[in-house]
Amino acid sequence: MSPPFPSSLCHRCAHNRYITTPRGSTFLRCGALAQKYLPQPIRRCPAFSPRPRQESP
Ligand code: SF4
């Protein structure tokens, strides 16, 4: 999988989930904010929480 928006802060965040559609599109879904699908790429975020290293994609 080649994740979209590689510069996004979400890739390093514990709240991020990858959602892949049956057609192969991948979206970044935030589990911390009310808005689940934010305009990407995220550069700064007050809810950012570093993802533990062993959980990196
Ligand atoms: S908390 Fe912020 S950095 Fe983390 S997944 Fe949500 S939008 Fe991205």
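Residues numbered from 1 in each chain as written. Predicted model: local features only at pLDDT ≥ 70, side-chain atom pairs only at ≥ 80, totals over all residues. Heavy atoms only, no water.

**Student:** Please clarify how the site of the ligand should be interpreted in this entry.
**Tutor:** Around the ligand sit Cys 10, Cys 13, His 15, Asn 16, Cys 30, Ala 32, Leu 33, Leu 38, Cys 45, Ala 47 and Phe 48, and that is every residue in its neighbourhood. Taken together, the residues of the shell around the ligand sort by class into nine nonpolar, two polar and no charged. (Near = heavy atom within 4 Å. Nonpolar A, V, L, I, M, F, W, Y, C, P; charged D, E, K, R; others polar.)

**Student:** What exactly am I supposed to notice about a nonpolar patch on the surface here?
**Tutor:** Nonpolar side chains collect at one region of the surface, where Ile 19, Phe 27 and Tyr 37 lie side by side and expose about 270 Å² of accessible area between them. Of note, Phe 27 is situated in strand S2 (residues 26–30). (Patch = residues over 30% accessible without salt bridge, like charges linked within 9 Å, V, L, I, M, F, W, Y side chains within 5 Å. Areas by Shrake-Rupley, 256 points an atom, 1.4 Å probe, with all protein chains shown as cover. Salt bridge = Lys/Arg side-chain N within 4 Å of Asp/Glu carboxyl O. Helix = DSSP H or I, 4+ residues; strand = E, 2+ residues; numbered from the N terminus.)

**Student:** So what exactly am I meant to see when it comes to the packing of aromatic side chains here?
**Tutor:** The geometry of two aromatic rings is summed up by the distance between their centres and the angle between their planes. This model, assessed by the stated rule, comprises one aromatic pair. Seen from their ring centres, Phe 27 and Tyr 37 are 6.5 Å apart, and the 85 degrees between their planes marks the pair as edge-to-face. Taken as a pair, Phe 27 in strand S2 and Tyr 37 in the segment after S2 lie far apart in primary sequence, ten residues in all. You can call Tyr 37 partly exposed: its relative accessible area is 43%. (Phe/Tyr/Trp six-rings, centres within 6.5 Å; stacked < 30°, edge-to-face > 60°. Buried < 20%, exposed > 50% of the residue type's maximum accessible area, 1.4 Å probe, protein only.)

**Student:** Honestly, the environment of Arg 12 in this entry has me stumped. Any pointers?
**Tutor:** With respect to the secondary-structure elements, Arg 12 resides in the segment before strand S1 (16–20). The sequence separation of Arg 12 and Ile 42 amounts to 30 residues, and the corresponding C-alpha distance is 11 Å. The contact partners of Arg 12, leaving out residues within four places of it in the chain, are Phe 48, Ser 49, Pro 50 and Arg 51. (Contact = heavy atoms within 4.5 Å.)

**Student:** How should I be thinking about the side chain of Ser 8 in this particular structure?
**Tutor:** Note that Ser 8 resides in the segment before S1. Residue classification places Ser 8 among the buried positions, given a relative accessible area of 3%. In terms of polar contacts, Ser 8 uses its side chain to reach the backbone amide nitrogen of Cys 10, at 3.1 Å. When sequence neighbours within four positions are dropped, the list of residues in contact with Ser 8 reads Leu 28, Gln 40, Pro 41 and Ile 42. (Polar contact = N/O pair within 3.5 Å; in protein donor to acceptor, adjacent residues only side chain to side chain.)

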